[in-house]
Structures are given as C-alpha cells and as structure tokens.
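# Report on the structure
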Amino acid sequence: MTELILQDAPAVIKVNDVSKRFVIRKDKSLKERIVNFGRSSKHKDDFWALRDINFDIQSGTTVGLLGANGSGKSTLLKVIGGIIQPNSGLVQRRGRLAALLELGAGFHPDLTGRENVFLNASILGLSRKQTEEYFDSIVDFSEIEEFIDTQVKFYSSGMYVRLAFSIAVHVDPDVLLVDEVLAVGDERFQEKCMAKIREFQLEGRTIVLVSHAASQVEDLCSRAIVLKRGEIIFDGDTAGGIGALRASFDQ
Amino acid sequence: MTNPAQERASRLAALPFQTSESRSSGKLGAFAGAVREIFSHRELLVLLVRRELKARYKDSSLGFIWSLIKPIVQLLIYYVAIGQFLGAARGIPDFAIFVFSGLTLWGLFSEIISSGTSSIVNNAGLIKKVYLPREIFPLAAAGSSLFNFVIQFAVLLAATIALGLFPFSALIVYVPVGVLIATIYGVAIAIALSALNVYLRDIQYLVEVGLLLFFWASPIVYSWSFVVAAAERTGLTWLSEVYLWNPITLAMLAFQRGMWISGSKDTVMGQDAAGVDIVTPAQPWPADLDLRLLIAGIIGLVLIWVAQRVFSRLQGNFAQEI
C-alpha cells in the first residue's frame, strides 16, 4: 500500500442525497407515442439507478466503487464526472477532474496519432502549449514513436489503448475517475500503468475507480464503497468492502 | 513541506466547490455561464473544427476541391435550366453572378443547420464519456461550414473579377451583414435542433425537407423583382410582405445587394430586332431594408439565447438518451 496519510485532507468530491432515475420508454416511434398519448405512463418503465447517495471523498485517497452488474457504479461515476445530471441532490467537486471512462473516446480514426494526441489532450483539459510540452513524454510512454504520424485506424488495439492511456495520465488531474481501464496492453505495459498509478497516489491525486477485480481494489484502494441496486450498502475499508460485495452476491 | 501531496491538498483546500447545478441558476446568468465555459474551451473548438475539415475528405485525392464541385455543378444546373430554359436570366442581368452569390450564402446556412443538427448524435462517443460544454459540437459544425463558405466566397470574388463585375461600391457593407444574419439564424437553429435530434431522430429528416422549402422560399434562383411582379399581377401585395419576414430572404437580399452590382443599376441586355438597346432597369429592393435587417439581427440574437436555454434543458439526459 502506497497510501499517504495527510493532515486535514480537504474533501474534493461531495455527493449529497443524489438520486438518478432512468425512464425506459417502450414506444419509440411517433405513431406509438400519439396512439398512447395520455396513457403514456403505462408505456414507461422507470427505475432508480441511484437512490439517496451520500459521501465525501478526501483529497489523496483512492476509492474503489464495487457492486454487481447493474448496481449503479458506472452511473455514479458519470454523475460525479458531470456527464449525467442527477434528478435530485447535488454533486460538488473541485480541482481538475479527468474521467477515464473509455480510453480513446475522442479519437477520430481518420486522424493521425499526433493529431489525436492534441485533440484528446484538449478534450481532457490541456491547453495547446501544455500539450506541446508533454508531447514527447506522451509518445515516449506509449512506445509508438514510429507510428505517431499514421492514422489511428491502422493501429492495433494495443497501440490504440496505449496511446490513449498515455495521454490520460499526462493531463495532470487532481481527481481521476476510472472505469475498469487501469491497466492496458501487454503484461509489461500493464506494470508500467500500475507504476504510474502508484506515482499518482504518492503525488496526492485522488482516484475513484470502478472495478470488478477484488485483488486490484485490495491492492490500490484505501476505501471501498459497495453499491447494490442503487444504494450504498457498505462504506469503509477495502477488506470489509470485498466481504460486503461477496455477501451481496449470495443473497 | 516539500511533499507534493501535501501541497496539492492545501491548494485544493483553497479552491471553491463547483456544483453540477451551477449552470441553471438564473436565466441570464446561466447563459453567460455557458458562454464563458465555451470561451474557455475555445482551443478545443478550433481543434474540433479542424478535425471536421481534415476528416471529411481525408482519403480522397481531390480533397477540398470536392466542396467546390457541388456548388459549381449546382450553378451550372440553375444557370442552364432556370436561367436559359425557363428564362429567368432575361430579367436578371449577370445571372451567373446572381445565382452563385445566392448559392454561396445558402450553402453556408444549410450546411450549418444540417451538419449542426446531427453533430450531437455523431459525437455520441464523446458525450457519453467526457464532460464538455456540449454546445461546442454544433458550434464546431458551424465553424467548419464557415470555412467552406470562405473558400466558396473566394471563388465568387474571383468570378466577379474575371467578369469585370467586382463589387467596387459602398454597397459592399451589406455583404458582412448578410453573412452575419445567415450565421446567427443558422447557429440558433442548429443548437436547438441538435438537442431535439437526440430525443427524436426524425428531426434530421425533417431538416432536409425544411431546407428544401426555405431554399425555394428565398430569392436564390429567382430575384426579388419576380416576387414583386407576381404579387402585383395577382393583387396579393401582402404576400410579398410575408415573404420578407423570412430572415434568410433578408440575408440573401443584403448579400446580393453587395455582391451583385448589376442589380443596382440599369443594364443593357442585347438589342431588339430594330436595333434598339433593351435596357433592364435596376432591380427593386424592398423599402426599409436596413431597418428590416437590424430587426432580423436582434430577433436572431434573442433566438440564440432561446436555443441555448432549450439546449441546456435537454442536455442533462444526453448521455443516457443517445
């Protein structure tokens, strides 16, 4: 565990009474909507993806979000990142936030690696000058110097995620939201990724990660939050969290 | 105290919290907030515009020339079919310049709307995964349309020079006014429709029909004088007034007023059998064109505000509806 103990670590994320409801409409076409107008409530299904979620995350901690499929982990991560607005409640955050929900989400297949680095870094919040400064280091880390001026549609999937990961770790975030993409590429590159994450922790960055791998959570996190059907059933140390997760499967 | 983690913690402790609801506080404040947010992402906006332009003709060998081929073919079609076969060119001096002016401005307006409307859906991957001020996508579409417009405008200017009809008069100030009004309305409509298109994909097909309608409801391939003449012939003069409510008509008239000098003077168009010159008088222009343009501009700016409010209402659920 590379966790640091900070004096009076300030909260960087505050989640207050957040609820999110999804509505599933069964009638998608205009005809169906007109025919069912007025009776529309019968043709809607809604469910609460998140219900009354409350927690604070302190700066410098690494928090694992755990839960079975469909328990609301990814939705919660998106609400924290501002990608989805909650129906009620409030999310407060501060510092530069980078969301790694999908590597290379902003890549355009027809552009070269170099053009995509600038575009993706800008999407994640770097200025052009900063990107130029980090450019060599980004390419170095990704180990694809030879192909940087090739269109990314010709990249192998490994090259693609390596470049994307490399950009993401260079944006200097205070808070990093990660959805299952902590380690990519071959085994050697995965080790490099994990080393980078540890370095992040030492630098006091906050990491919120969604993961199904209990060992990874145990290895990296100092705190675990377990969700079940949109509600928090456990919030505490990782060993307890993994226990609560296993118990929720058995029910 | 050289510990980087401790330094980061103290820096963060001094920062104010941002809330996910900050954009919906107060109507004017929220609009200003959105504008500020987009302004802070202006570098990204430029990159997105370049991405649109680069990606469009990436693997074609003619590249950008394709964006000129379409309007030039259109010009030929309208010149031959409408101008010569249907005879519109008889009443419109220098018909080629007239039609190409109209097509150039129309190209700007219709491209902003059609590419803007699908911009949110086309960037679904980004919208679902990263937080950005989403208005940036229709704006990037508008930016790349403006770039194409500039190229086509350069061709238009070259044509006026080649034909000795370069618009060398004070009326040229109407040109930026026309471009501005077309852009304002295009952007307002694109922002609103891009958001609606997420919930109702029929919008993008509706847009095609709507654009077709507006193309023929604006003086592009026929001139304003035809509308006046038709209104007088049928006695329905109020119809020409209604016709002028269309902001694109006004933008088009302003643009033509500036670019098409033959419309503002008497032109000799050949001789009749007796050898007497046939003189086409200067084109009529609507009364109070300046005032109408000013009003259209103000209404357009209000529409941008309305469109942004609609967008901001709808964008909360983009990530799950796309």
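Everything numeric here is computed off the predicted structure, so don't read it as measured data. Every residue gets a number counted from 1 within its own chain, in the order that chain's sequence is written. Starting at A for chains and at 1 for ligands, labels are handed out in the order in which the entities are written. Selection of residues for local features in this predicted model requires a pLDDT of at least 70, selection of side-chain atom pairs for listing and counting requires 80 or more, and totals for whole chains, interfaces and linings are taken over all residues.

With that out of the way, let us pick up the interface of chain A and chain B. The interface of chain A with chain B comprises 40 residues on the first partner and 32 residues on the second. Here the term charged refers only to Asp, Glu, Lys and Arg, the term nonpolar to Ala, Val, Leu, Ile, Met, Phe, Trp, Tyr, Cys and Pro, and the term polar to all other amino acids, Gly among them. The class makeup of the residues in the side of chain A that touches chain B is 19 nonpolar, 12 polar and 9 charged. Summarising the sheet, strand β4 (residues 88-93) of chain A and strand β1 (residues 18-19) of chain B pair through 2 bridges and their orientation is antiparallel. The residue bridging Gln-92 of chain A from the neighbouring strand is Thr-19 of chain B, located in β1 of chain B. Here contacts are defined at the residue level, using C-beta atoms placed from the backbone and a cut-off of 7 Å between them. Any two strands between which DSSP finds at least two bridges are classified as paired. Numbering of helices and strands runs from the N terminus, with a helix taken as a DSSP run of H or I at least four residues long and a strand as a DSSP run of E at least two residues long.

This part takes up the pairing of strand β7 (residues 206-210) of chain A. When a strand is regular, its side chains alternate between the sheet's two faces. All names here are of chain A. Counting other C-beta atoms within 10 Å of each residue's C-beta, where C-beta atoms are placed from the backbone, gives the exposure class: buried for 20 or more, exposed for 12 or fewer, partly exposed between. When you tally the buried positions in β7, you get 5 out of 5 residues, the bulk of the element. The alternating pattern of β7 places Thr-206, Val-208 and Val-210 and Ile-207 and Leu-209 on opposite faces, both of which are buried. Direction of pairing for strand β3 (residues 62-67) relative to β7: parallel, over a ladder of 4 bridges. Each residue of the ladder has a partner; that of Val-63, found in β7, is Val-208. The sheet contact formed by strand β6 (residues 175-179) and β7 spans 5 bridges and is parallel. Along β7, the bridge assignment pairs Asp-179 with Val-210.

The subject of this paragraph is the confidence of the model for chain B. Residues and elements named next belong to chain B. As a per-residue measure, pLDDT reflects the predictor's confidence and takes values from 0 up to 100. Within chain B, residue pLDDT values average 89, and 97% of them lie at 70 or more. For chain B, per-element mean pLDDT is lowest for strand β2 (residues 267-271), which scores 76, and highest for helix α10 (residues 174-199), which scores 96. Interface scoring of the predicted complex returns ipTM 0.82; its pTM is 0.87.

Time to look at the confidence of the model for chain A. Per-residue confidence for chain A gives a mean pLDDT of 85, with 89% of residues at or over 70. Mean pLDDT values over the elements of chain A span from 69, in helix α1 (residues 30-35) of chain A, up to 93, in helix α4 (residues 128-142) of chain A.

Now for the pairing of strand β8 (residues 223-228) of chain A. Residues and elements named next belong to chain A. Of all 6 residues in β8, 6 are buried; the element is thus mostly enclosed. Of the two faces of β8, the one lined by Arg-223, Ile-225 and Leu-227 and the one lined by Ala-224, Val-226 and Lys-228 are each fully buried. If you look at the hairpin formed by β8 and strand β9 (residues 231-236), you'll find 2 residues sitting between the two strands, and Arg-229 has a positive phi there, around 45°.

As a further point, take the sheet that holds β3 of chain A. Residues and elements named next belong to chain A. The 6 strands are arranged β5-β6-β7-β3-β8-β9 in an open sheet whose pairing can be described as mixed. Every other strand in the sheet has two partners, leaving β5 (97-100) and β9 as the edge strands with one partner each. Ignoring strand direction, the axes of neighbouring strands in this sheet form an average angle of 15°. Relative to β6, β5 is paired through 4 bridges, and the arrangement is parallel. In the strand pairing of β6, Ala-99 is matched with Leu-177. Axis angles are defined between N-to-C directions and span 0 to 180 degrees, where every axis is a line fitted to C-alpha atoms and, for a helix, only to the segment in contact. Sitting on the sheet, helix α2 (residues 73-80) is in contact with β3, β6, β7 and β8, with an inclination near 150° to β7. The strands that helix α8 (residues 238-250) touches are β3, β8 and β9; relative to β8, the one it contacts most, it runs at about 15°.

Looking at the secondary structure, you find Thr-62 of chain A in strand β3. Excluding its chain neighbours within four sequence positions, the residues that come into contact with Thr-62 of chain A are Gln-201, Ile-207, Leu-220, Cys-221 and Ser-222 of chain A.

This brings us to the packing of α4 of chain A against helix α5 (residues 157-169) of chain A. All names here are of chain A. Viewed as axis vectors pointing N to C, α4 and α5 meet at an angle of 140°, and their least axial separation amounts to 8 Å. On the basis of their axis angle, the class for α4 and α5 is oblique. Between α4 and α5 lies a crossing of right-handed hand. Residue-level inspection shows Ile-138, Phe-141 and Ser-142 of α4 in contact with α5, the latter providing Arg-162, Leu-163, Ser-166 and Ile-167. Residues that form the contact of α4 with α5 fall into these classes: 4 nonpolar, 2 polar and 1 charged. Working definition: roughly parallel below 35 degrees, roughly antiparallel above 145 degrees, roughly perpendicular at 65 to 115 degrees, and oblique for all remaining angles. Crossings are sorted by hand: turned counterclockwise from the far helix by less than a right angle, the near helix makes the crossing left-handed, and turned clockwise it makes it right-handed.

Let us now look at the environment of Asp-45 of chain A. Residue and element names in this part refer to chain A. Here Asp-45 is to be found in strand β2 (residues 44-58). On the neighbour-count criterion, Asp-45 (10 C-beta atoms within 10 Å) is exposed. Remark: the alpha-carbon pair of Asp-45 and Val-171, spanning 126 residues in sequence, is separated by 40 Å.

Before going further, it helps to spend a moment on the packing of helix α14 (residues 247-259) of chain B against helix α15 (residues 289-314) of chain B. Each pair of packed helices can be described by the angle between their axes along with the distance between the axes. Residue and element names in this part refer to chain B. One way to put it is that α14 packs onto α15 with a least axis distance of 10 Å and a crossing angle of 130°. When the axis of α14 is compared with that of α15, the two are oblique. For the pair α14 and α15, the sense of crossing is left-handed. Residues Pro-247, Leu-250, Leu-253 and Ala-254 of α14 pack against Leu-289, Arg-292, Leu-293, Ala-296 and Gly-300 of α15. Classifying every residue of the contact of α14 with α15 gives 7 nonpolar, 1 polar and 1 charged.

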